[in-house]
Number of protein chains: 4
Amino acid sequence: MEKYVDLIKVIQNNFNRLSKGQKLIAEFIMNNYDRAAFMTAATLGETVGVSESTVVRFANTLGYDGYRELQKELQELIKNKLTTVQRISLSKDFTDYENALKLVVKKDMDNIEKTLNEIDYHAFQRAVEITLKADNVFVLGLRSSSFLAGYLGFYLNFLLSNVKVVTSGPSDVFEQLLKATDEDVIIGISYPRYSKRTLEALDYGKEKGCKIIGITDSLISPAAQYADTTLIASSNMLSFVDSLVAPMSLINAFIIALGTEKKNDITAYFEDLEKIWKKHNVYNTNNKNNK
Amino acid sequence: MEKYVDLIKVIQNNFNRLSKGQKLIAEFIMNNYDRAAFMTAATLGETVGVSESTVVRFANTLGYDGYRELQKELQELIKNKLTTVQRISLSKDFTDYENALKLVVKKDMDNIEKTLNEIDYHAFQRAVEITLKADNVFVLGLRSSSFLAGYLGFYLNFLLSNVKVVTSGPSDVFEQLLKATDEDVIIGISYPRYSKRTLEALDYGKEKGCKIIGITDSLISPAAQYADTTLIASSNMLSFVDSLVAPMSLINAFIIALGTEKKNDITAYFEDLEKIWKKHNVYNTNNKNNK
Amino acid sequence: MEKYVDLIKVIQNNFNRLSKGQKLIAEFIMNNYDRAAFMTAATLGETVGVSESTVVRFANTLGYDGYRELQKELQELIKNKLTTVQRISLSKDFTDYENALKLVVKKDMDNIEKTLNEIDYHAFQRAVEITLKADNVFVLGLRSSSFLAGYLGFYLNFLLSNVKVVTSGPSDVFEQLLKATDEDVIIGISYPRYSKRTLEALDYGKEKGCKIIGITDSLISPAAQYADTTLIASSNMLSFVDSLVAPMSLINAFIIALGTEKKNDITAYFEDLEKIWKKHNVYNTNNKNNK
Amino acid sequence: MEKYVDLIKVIQNNFNRLSKGQKLIAEFIMNNYDRAAFMTAATLGETVGVSESTVVRFANTLGYDGYRELQKELQELIKNKLTTVQRISLSKDFTDYENALKLVVKKDMDNIEKTLNEIDYHAFQRAVEITLKADNVFVLGLRSSSFLAGYLGFYLNFLLSNVKVVTSGPSDVFEQLLKATDEDVIIGISYPRYSKRTLEALDYGKEKGCKIIGITDSLISPAAQYADTTLIASSNMLSFVDSLVAPMSLINAFIIALGTEKKNDITAYFEDLEKIWKKHNVYNTNNKNNK
């Protein structure tokens, strides 16, 4: 484990020896290690305003044979290794809340944009088709991903029968997948630091022959190793928080795409529900507050 | 209720009589009623590429005295009145998944940008201060907002003692707020169609003298009526889905701002947790997948 | 509502005029109104050690035409009408914990015994058969009954596919039953004061043609009105607590009866799970504590 | 592990060699190993209708030095070792549902009676006092015990501030106990096969100096090792089900004892809630079903 932590230390220890351009790269990496880890030398250079060859020399200065090698270490660092304590210590100190808010929200926007630019439409289409055909749809997510799993399950329940959200509860995830078969699909949502139990559950489902759709942050994510189809949306590592804004946007698109195929069904279902909601007074219909 | 639904019908019935520029406005409103409802005549004109006076004439053609009057009706329509069935019927038919994904994700980006542009920093700062000072922090959200409430509660639990997520469960929301006092704060998350029970719970908390922070979509939201401080982030109405991407980004910023005030505490807490997580093997530390 | 509360008041107001034997009845009713409500005059007399005719005269003294009329009012009182505040005021003051414990536990034993004596085996058998044949099994319970529903669902999940616990959550109960059909069964658990939403959900399921198994406290319970088959186990009203001990025992028997029909299946499932549990170290296997 | 399983095999292998009286003992142990494990030779003899010395000879015949040694092995067997598959294979085949129901319910009654006979009133009183004095009350239970923990938390929430149910969820149990201090109490509910995570959480709480009340099945339970005060109520092992009927009855008594100390407070709270419940129509008040 020490090796990976060293990368940040190595940068810090060598900081004074770096050229002005290299310092820009160093600062960018320390503040945005999660994004930097997936940039090519060219993109990284462009982003901080230096040439690609400056990026390569930067890697050499730190003792790497090339940028590739540095990047690989950065990815390792990010994926499994960085503890929350280390992430907190790397996070910026905000002098005021305005800056905090701007920085966080802008990073979220960047992530959504990146998701849009890099999405694999064929994978997206396959994911929709697999889900529509499955006997049972298991939506799996633990820890902070459990809220996305719950959100996705909440909406899928309007579209499909036999949707089950698989998450921590009285029954463990294996018991919840006990009856899964090769006619079923598991939609596994997994983000760094990748809950071990999520990966074990995907492994268990895989053994049972389930189709697996991964919603995760990169093709090298451990969750992607189990998936037949992987949908990529970056999370945003902010100090001790993993922003799941881009994954949520991707999930919205996924629900809407499924809904398009089921438009008549869901209209009928919601006509049924609107009557019930009205009868039992679920939603606000009072105007007094708006006057 | 009929009056508001009529607005869309009125537009549809008069569509053929409209000028070319007015038709652009009509189409934009029917596809983006949730955003249009909060645009000035000038912004609306600019967005669809017509003059402000064309927008005003459009309102007149439909029988309104001015754009203001039309807009007000649009806001009513959006807030409480549009049933899910109506929203589904207004939603676009996607010819392919690529378009669905682009449209959804772009709308989410627009919403985040709007949140960033329109945020009230003083309200944000007050919200942070109130939360830090409170004896107990109740995070309230029902229906799709329950996932945001859970997500916010998940992270606040690292920062603060006595955080309680108040949501539907064996105990109703009133029982969960039974012991709340004027030293406590309720962070109420409420989005259209505004769950009635959420508003009732805010009313109950208000009576008990609790401070109330509203996270909602506009200052005219019924939830804002109860709030001492309101943080605005738009939801994104997509057919039967309410995208909560922008509110999630705002919530991230809120957590990070609180975390900045507690940096030393949370470092200590996470040092404690890292040991426990390592001991009990919570996170993936296996490299085999990356090789 | 006032009428029913008056019964207790009427007893209290007339107490001094009562004969010695009648006073025993009055005291028993005030301390055990929930059990008294379902006793015949003969049983009530026997329980407190007076003759049946003393019980009838007691009813006359209070102004009722006969014991039947008094009993009917007592049942009304108990079923829906007695508020928790009234129940607390009727409850005994314990001079020491030993008495509290003895009284509570003995009342629970009496309830279980009563359940055993009064169970309808044909109904029990029908309930097992309906459940085994159903496409989907919905286990419905709100408020304190939600823990029984969760417990029943936890075990049914080992025996059957497509078991869903329906309870308060992000989706309301109607949404959770949205796809239910006449091939499905709803096992509805409902105890005084009978959550309104549970009854509405049973009504909704009934409309959809679902089979309904009621687990409730008497055949005159409002939940029993919706049920095709009703299993009776008394709850135990203790001040503000509804002891669900007898219903839990009945539920155990129901699970075991279902399990008997599925013995080979569950052996295979648990062989699968035991491997998983061992691999992931779910249960304690450490002897150090026992040495 | 093999050693313990062997006890049952040893009995089965030697069955034909046993005397008539010894066979009765053997059958009783195979059908009621969970109860037999805690019986003295005298009680066991009395229960099956043989002399104490027959029980001792039975132990000798199986190769044990005395009954004590056999009993110790039986306790080990029961506590941690018997897998669910073994329990299913040991469980009776019911020829009809009536027998299933009678057997299950009677075993539950026996367990409650045993709880009542063996309860330590001083421990019970200490548990009440510790709970009343604590700053925060954490109610911990996983797997099937999570329903008891939820049930206890549901009622404690009316009596006490700062009650938190600690169970499997998005946050792990350690995170939920992160802020616990030596002014807090953890009420840990743990039944065979004793969830490992529950024991780890008790260990974590102990390190933080929390008071610990154990609700478990015997003083030799691993959960009891962490407890300052232990309340004993037997669970009832029925094939793959752990009946928690006796623990639920004990928990009722515990709630009622706490409620007695808080009678005025809870009356005020429920007066508040009754108004709210009436206003929002939570409970059934409709008579139509009873007419």
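This structure is a prediction, so every number in the text was calculated from the model and none was measured. (Residues numbered from 1 in each chain as written. Chains lettered and ligands numbered in written order. Predicted model: local features only at pLDDT ≥ 70, side-chain atom pairs only at ≥ 80, totals over all residues.)

### Overview of the relation of the copies chain B and chain C
Part 1: Superposing chain B onto chain C takes a rotation of 180° plus a shift of 0.0 Å along the axis, which leaves an RMSD of 0.1 Å. Seen this way, the second copy is the image of the first under a two-fold rotation axis.
Part 2: Of the interface residues in chain B, 100% have counterparts in chain C that sit at the interface too, so the contact is made through matching surfaces. (Least-squares fit on C-alpha atoms with pLDDT ≥ 70 in both. Contact = placed C-beta atoms within 7 Å.)

### Observations concerning the interface of chain B and chain C
Part 1: The partner chain C presents 7 residues to the 7 residues of chain B that form the contact.
Part 2: Class assignment of the residues belonging to the side of chain B that touches chain C gives a composition of 2 nonpolar, 4 polar and 1 charged. (Nonpolar A, V, L, I, M, F, W, Y, C, P; charged D, E, K, R; others polar.)

### A closer look at the domain arrangement of chain A
Residue and element names in this part refer to chain A.
Part 1: Along its sequence, chain A is carved into domain 1 (2-90) and domain 2 (116-278).
Part 2: In this structure, domain 1 and domain 2 have C-alpha centres spaced 33 Å apart.
Part 3: Taken together, the contact between domain 1 and domain 2 spans 9 residues of the former and 8 residues of the latter.
Part 4: Among the secondary structure elements, those contributing two or more residues to the side of domain 1 that touches domain 2 are helix 5 (67-81) and helix 6 (84-90).
Part 5: Taken together, the residues that form the side of domain 1 that touches domain 2 break down as 3 nonpolar, 3 polar and 3 charged. (Domains from an automatic or database assignment. Helix = DSSP H or I, 4+ residues; strand = E, 2+ residues; numbered from the N terminus.)

### Quick look at the environment of R17(C)
Part 1: If you trace the backbone, R17(C) turns up in the loop between helix 1 (2-14) and helix 2 (20-31).
Part 2: Residues R17(C) and Y283(C), 266 residues apart in the sequence, show an inter-C-alpha distance of 63 Å.

### Regarding the relation of the copies chain D and chain C
Part 1: Between chain D and chain C, which share one sequence, the superposing operator has a rotation angle of 180° and an axial displacement of 0.0 Å; the RMSD is 0.1 Å.
Part 2: Mapped onto chain C, 100% of the interface residues of chain D are again interface residues, and the two copies thus contact each other with one and the same surface.

### Here we look at the packing of helix 7 (residues 97-118) of chain A against helix 12 (residues 245-261) of chain A
Residue and element names in this part refer to chain A.
Part 1: In contact at an axis separation of 8 Å, helix 7 and helix 12 are set at 40° when each is read in the N-to-C sense. Here helix 7 is positioned oblique relative to helix 12, judged by the angle of their axes. In this structure, helix 7 meets helix 12 at a crossing whose hand is right-handed. Contacts between helix 7 and helix 12 involve D108, N111, I112 and T115 from the former and V245, A246, S249 and L250 from the latter.
Part 2: Here the residues of the contact of helix 7 with helix 12 are counted per class, giving 4 nonpolar, 3 polar and 1 charged. (Axes fitted to C-alpha atoms, helices over the stretch in contact; angles between N-to-C directions. Parallel < 35°, antiparallel > 145°, perpendicular 65-115°, else oblique. Left-handed = near helix turned anticlockwise from the far one by under 90°.)

### Comments concerning the interface of chain D and chain C
Part 1: Counting residues at the interface gives 71 residues for chain D, matched by 71 residues for chain C.
Part 2: If one sorts the elements of the side of chain D that touches chain C by residue count, helix 7 (residues 97-118) of chain D sits on top with 13 residues.
Part 3: Of the residues assigned to the side of chain D that touches chain C, the class counts are 38 nonpolar, 21 polar and 12 charged.

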